[in-house]
Amino acid sequence: MDKNQSVLRKDFPEKLKQLRQARNWSQGTLSQKIGVEANRISKYERGIMWPTLEILVKISNAFGTSVDYLVRDDGIEEGKEESSQKIARRLERIKYLPEEDQKALIQVLDAFIKKSSFERIATEDYLE
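Conventions adopted
- Residues numbered from 1 in each chain as written.
- Predicted model: local features only at pLDDT ≥ 70, side-chain atom pairs only at ≥ 80, totals over all residues.
- Heavy atoms only, no water.
- Helix = DSSP H or I, 4+ residues; strand = E, 2+ residues; numbered from the N terminus.
- Buried < 20%, exposed > 50% of the residue type's maximum accessible area, 1.4 Å probe, protein only.
- Contact = heavy atoms within 4.5 Å.
- Phe/Tyr/Trp six-rings, centres within 6.5 Å; stacked < 30°, edge-to-face > 60°.
- Salt bridge = Lys/Arg side-chain N within 4 Å of Asp/Glu carboxyl O.
- Arc of directions from axis to C-beta.
- Core = buried A, V, L, I, M, F, W, Y, C linked by side-chain atoms within 4.5 Å.

Some thoughts on the overall build of the chain
Helix and strand counts for the chain come out as 7 helices and 0 strands. Reading the helices (α) and strands (β) of the chain from amino to carboxyl end gives α-α-α-α-α-α-α. The proportion of buried residues among the 128 residues of the chain is 25%. The contacts in the chain between residues at least 6 apart in sequence include a share of 50% that link residues at least 24 apart.

Quick look at the structure:
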């Protein structure tokens, strides 16, 4: 990469706006969630100003996505990642959920794992 070339997505401003609007958040709402002035969100969305790494992390946490997804211009789109990568990213974000939600999610995951184990055992028994 050329040293003058930005690593930020060319479409970062539009991506930020789309993510914000998809949640029906105003620029003010997002600014409160990440701790910046509302006019900065406008500048980010117009491509006039680029967020610092610290602010990018706050933005990614607010939207529940990765910093890579927000800033990299390498053709990797959410939804086109390998399943294991998606799972790993989501597991990393679980720590930001309230404890009650974390416990509920663990119960759901355990149920899916048990179901899969029972199906595998039943299939093995059937095949013998």
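Notes on the packing of aromatic side chains
Enumeration according to the criterion identifies 2 aromatic pairs in this entry. Taking 5.6 Å as the distance between ring centres and 40° as the angle between the ring planes, the aromatic pair formed by Phe12 and Trp50 counts as tilted. Highlighted residues: Phe12 in helix H1 (residues 12-22) and Trp50 in the loop between helix H3 (38-46) and helix H4 (53-63), separated in sequence by 38 residues. Where Trp25 meets Phe63, the ring centres are 5.3 Å apart and the plane angle is 20°; that geometry is what we call stacked. Residue Trp25 is located in the loop between H1 and helix H2 (27-34), and its partner Phe63 is located in helix H4; the two are separated by 38 residues in the primary sequence. Judged by relative accessible area, Phe63 falls into the buried class, the value being 5%.

Quick notes on the pattern of salt bridges
Here the idea is simple: oppositely charged side chains can pair when their charged atoms come close. This model, assessed by the stated rule, comprises 4 salt bridges. For Arg20, the salt bridge identified is with Glu45, shortest N-O distance 2.5 Å. Of this pair, Arg20 sits in helix H1 while Glu45 sits in helix H3; the two residues are 25 residues apart in sequence, bridging distant segments of the chain. Between Arg40 and Glu37 there is a salt bridge; the shortest N-O distance is 3.5 Å.

Structural notes on H4
Within H4, the full set of buried residues consists of Ile55, Leu56, Ile59, Ser60 and Phe63. Looking straight down H4, one finds its buried side chains confined to an arc of 140°; they lie on one side. Next to the buried residues of H4 lie H1, H2, H3 and helix H5 (67-71).

What about the nonpolar core?
Within the largest apolar cluster, 15 residues are counted, with the highest numbers of intra-cluster contacts made by Leu16, Leu30, Ile34, Tyr44, Ile59 and Phe63. Contributing elements (two or more residues each) for this core: H1, H2, H3, H4 and H5. When residues of this core are assigned to their parent elements, the largest contribution, 4 residues, is made by H4. Setting aside chain neighbours within four positions, we find Phe63 in contact with Leu16, Leu19, Arg20, Arg23, Trp25 and Leu30.

Everything listed is a geometric property; what it means functionally is a separate question.
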